[in-house]
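Single-letter residue listing:
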Amino acid sequence: MKSVALLSLALTTAASAGTIGAIDSVKLNERIFNDRFDSTLNFVSNYPSDVRLTETGFGPGGFANRHSAYYSADGGASNLDINYEDAFDFSVTVNHIASQNVAVEAGFHADLFGFGYFGQLPNGEIAAFGSILPFHSFGVVPYADTIHLRMIHRPGSGNGVDPLPVDGVRSSFEYLYSFDGINYVSSGLKEMGGNEGGIPSNFNFFVGFGAQHNAAAETGAVADTIFNNIRVAVPAPAGVALAGLAGLAGLRRRR
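Residues numbered from 1 in each chain as written. Predicted model: local features only at pLDDT ≥ 70, side-chain atom pairs only at ≥ 80, totals over all residues. Heavy atoms only, no water.

(A) Region of interest: the packing of aromatic side chains. The tally for this structure, following the rule as stated, stands at 15 aromatic pairs. Aromatic side chains Phe108 and Phe118 sit 6.3 Å apart centroid to centroid with 5 degrees between the ring planes, which places their arrangement in the stacked category. Of this pair, Phe108 sits in strand 6 (residues 103-111) while Phe118 sits in strand 7 (residues 115-120), and the two are 10 residues apart along the sequence. You can call Phe118 buried: its relative accessible area is 0%. Between Phe209 and Phe227, the aromatic rings sit 5.2 Å apart at their centres with planes inclined by 40 degrees, giving tilted as the arrangement. Of this pair, Phe209 sits in strand 14 (residues 206-214) while Phe227 sits in strand 15 (residues 222-233), placing them 18 residues apart in sequence. As far as burial versus exposure is concerned, Phe209 and Phe227 are alike and both buried. Within the aromatic cluster, the residues linked to one another by ring pairs are Tyr71, Phe88, Phe90, Phe108, Phe118, Phe138, Phe173, Tyr175, Tyr177, Phe179, Phe209 and Phe227. (Phe/Tyr/Trp six-rings, centres within 6.5 Å; stacked < 30°, edge-to-face > 60°. Helix = DSSP H or I, 4+ residues; strand = E, 2+ residues; numbered from the N terminus. Buried < 20%, exposed > 50% of the residue type's maximum accessible area, 1.4 Å probe, protein only.)

(B) The arrangement of the nonpolar core in detail. Judged by nonpolar contacts, the single largest core of 49 residues is most densely connected at Tyr71, Ile82, Phe90, Phe118, Met151, Phe205 and Phe209. With sequence-adjacent residues up to four places away left out, Ile82 is seen in contact with Ile20, Phe88, Phe90, Ile199, Phe205 and Val207. (Core = buried A, V, L, I, M, F, W, Y, C linked by side-chain atoms within 4.5 Å. Contact = heavy atoms within 4.5 Å.)

(C) View of the pairing of strand 10 (residues 146-154). Of all nine residues that make up strand 10, eight are buried, and the element is covered over most of its length. Pairing analysis gives eight bridges linking strand 5 (residues 88-100) to strand 10, with the strands arranged antiparallel. Across the sheet, the residue bridging to Asn95 is Thr146, located in strand 10. (Pairing = 2+ DSSP bridges.)

In structure tokens, the structure reads:
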């Protein structure tokens, strides 16, 4: 296993025309889970500079509160529906400003047939799971106050509606993380399942970032997270991307 710097070329490339290129903001979706309904919530977007999510005073209640900033193409009025053909390369830096007496899961969020997540869990594990995201675990590493996350979707040869031909190419996700913003660890390409072989186009699929606050203490619990370095781009085709990154930057990978 080798480790070298991952160039930020794809992150700084302007998004092409189309759905992803139209992203201009995020829509704040508060209290998707609201088991601690009397908490004090401050969810503010300064997109694309930063988004800040602060929650205190959870009080008595159940398991979790979940808040998501999904990408939007209409100034934050609605969540952007991402479809089969929409290639994307999203990145964000998660900064835990304060986390006291509450288990914070902050990272990428997805919503289709359930809720998806890619980021670090309170026990230190970095993983992607839920919704239609292909599962991947990087294992348990020391918990970080700052973590850089990147998630890339590359469409396959289907159309997102009809069953994928036997010889069809499935869509894929690639997950990457870094603690210094330079040396990234990649999951490699993770193929999608389902008959469509990718994102179903007949349903709404939302992607963004946010936090889920689990099992907060009734008193003295504080969760304060800033999301910045918010980047939106369109990736190169799968083969070109991995070969290019490996040749230019020697991408470190764990399987």
